[in-house]
Amino acid sequence: MAKINPFEVAQRQLDECAKILKLDPGTHQVLRNPKREIHVTLPIKMDDGKVKVFKGFRVQYNDARGPAKGGIRFHPEETIDTVRALSAWMTWKCSLLDLPLGGGKGGIICNPKEMSPTELEKLSRAYIDQVWQLIGPEQDIPAPDVYTNPQIMVWMMDEYSKLMGKAQFGTITGKPLGLGGSAGRGDATARGGWYTIREACKFLGINLSKATIAIQGYGNAGYFAALLAKKFFGAKVIAVSDSKGGIINKDGLDPDKVNQHKTKTGSVINFPGTSPISNEQLLELKVDILCPAALENVITDKNVKNLKTKIVAELANGPTTPEADDILYKNGIHVIPDFLCNAGGVTVSYFEMVQNFYMYYWEEDEVYKQLDRKMTHAYQAVLKTSQDYKINMRKAAYVIAVKRVADAMKARGWV
Ligand code: NAD
């Protein structure tokens, strides 16, 4: 089967929205394409003394509403089209949450699982050496994404600061506490997602304390989603998975113990007291809430008819294809679209930048309060737009976000 190109998906989603908003063709064309792309070649002397050449990208999609913002992904199957798609979705996400930021994204084709810390540090610094003149707190602010973490952010921030000759904490977010990081950033994506799930459950009349959940992916987004489900709402996580496969226990899993097992063995599979389940089967479980929290294009026209969940809470970026989206809507499955559901990460990243700029750091409770306010407001706005226009939640989110970016471009005289 031909692989689905995520950037084509992102463009098709925008095209649908352009029709609803009756965007003029010029504005539509600008919004269909990234403003700037940087392609870099990174030669790294590996631990065995041999030089290995890596490819990396940074895409600045649109900065009409403020500097570009978006993560850097380290992945063996990274492609420029994935980075383009993710940078487009970052643009819509920042706009939907009404953050004064545009959208960007970066990536390096590499397998961090097969690299030593020394090699990863060299690669992180080499990437900054190539892109530093085009990033920075007033141009483009990177952050972590799949297989990048606070340590990698510190190496990158340090390299950028050295090149600039001064401390530049605000140039990268997702840093650890004590080095310019924000309280609450670690679980922000999942926590923000939960605020929107809470609102969706109120709307649908689902009692969260009795709800069942399946989560695909057990990294930053997936693990914290499981942990918070149990801790805050008493909801039951019955199945989780990672790249090696999944596990199920209908009586509920202990998210912390599963995480300890994953840390020890490298995977959630074979966790005692569970049965194995494939990633495909996990998506088709009868649960109240399904959280795709791994990669793109997992809910497609091939499997969408088999979904039995009431809510799809898209913590991952781009997990649903446009064909599947229409069927989900027809089947009455409530989708909390990716650039709403997973916007907690960039929202707290934005709080991190704000704190870096005024050199004063908030308590955790303050971060949670501000995050809840932003996420709840955005969810309610999307729900209302979806009802007013009689369109699905993703299209409604696009309508709000794209209109703001289009209005900013018009006001600035770009179109
Ligand atoms: P991560 O690297 O921490 O974890 C990724 C998880 O996905 C791992 O458990 C991995 O084993 C699993 N995985 C990889 N390939 C898989 C496959 N083929 N099938 C099933 N599982 C697979 O990454 P993350 O930060 O949790 O990001 C996950 C998703 O959430 C991505 O789409 C990312 O863009 C999105 N996201 C993350 C953040 C954030 O703050 N971390 C913010 C917004 C969106």
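The preceding data block contains the structure.
Presented here is a report on the structure given in the accompanying data block.

The rules behind the values
- Residues numbered from 1 in each chain as written.
- Predicted model: local features only at pLDDT ≥ 70, side-chain atom pairs only at ≥ 80, totals over all residues.
- Heavy atoms only, no water.
- Pairing = 2+ DSSP bridges.
- Helix = DSSP H or I, 4+ residues; strand = E, 2+ residues; numbered from the N terminus.
- Axes fitted to C-alpha atoms, helices over the stretch in contact; angles between N-to-C directions.
- Contact = heavy atoms within 4.5 Å.
- Parallel < 35°, antiparallel > 145°, perpendicular 65-115°, else oblique.
- Left-handed = near helix turned anticlockwise from the far one by under 90°.
- Nonpolar A, V, L, I, M, F, W, Y, C, P; charged D, E, K, R; others polar.
- Polar contact = N/O pair within 3.5 Å; in protein donor to acceptor, adjacent residues only side chain to side chain.
- Buried < 20%, exposed > 50% of the residue type's maximum accessible area, 1.4 Å probe, protein only.

Moving on, we come to the sheet that holds strand S1 (residues 36-45). Strand order in the open sheet made by the 5 strands is S1-S2-S4-S3-S5, with mixed pairing throughout. Looking at which strands have only one partner, the edges of the open sheet turn out to be S1 and strand S5 (140-144). Going from strand to strand, the sheet's axes swing by 20° on average, the running direction of each strand aside. With 4 bridges joining them, strand S3 (residues 68-75) and strand S4 (residues 103-109) adopt parallel strand pairing. Paired with Phe 74 across the two strands is Ile 108, which belongs to S4. Along the sheet, helix H4 (residues 117-131) makes contact with S1, strand S2 (51-62), S3 and S4, crossing S1 at roughly 140°.

On to the packing of helix H1 (residues 6-21) against helix H2 (residues 25-32). Here H1 crosses H2 at 155°, and the two axes come no closer than 10 Å. The angle between the axes of H1 and H2 places the two elements in the roughly antiparallel class. For the crossing formed where H1 meets H2, the hand is right-handed. Listed contacts from H2 to Phe 7, Gln 11, Leu 14, Asp 15 and Ala 18 of H1 are His 28, Leu 31 and Arg 32. For the contact of H1 with H2, the per-class residue count stands at 4 nonpolar, 2 polar and 2 charged.

The next subject is the side chain of Thr 189. Structurally, Thr 189 can be placed in helix H6 (residues 188-204). Side-chain polar atoms of Thr 189 contact the backbone nitrogen of Gly 345, separated by 3.5 Å. Each residue touching Thr 189, except ones within four places of it in the same chain, is listed here: Ala 221, Leu 315, Cys 341, Asn 342, Gly 344 and Gly 345.

With phi around 60°, Tyr 147 is a residue other than glycine that occupies positive phi space. Looking at where Tyr 147 falls in the secondary structure, it is placed in the loop between S5 and helix H5 (150-164). Under the relative-accessibility criterion, Tyr 147 is labelled partly exposed at 36%. A positive phi angle is found at Asn 297, which is not glycine, with a value near 55°.

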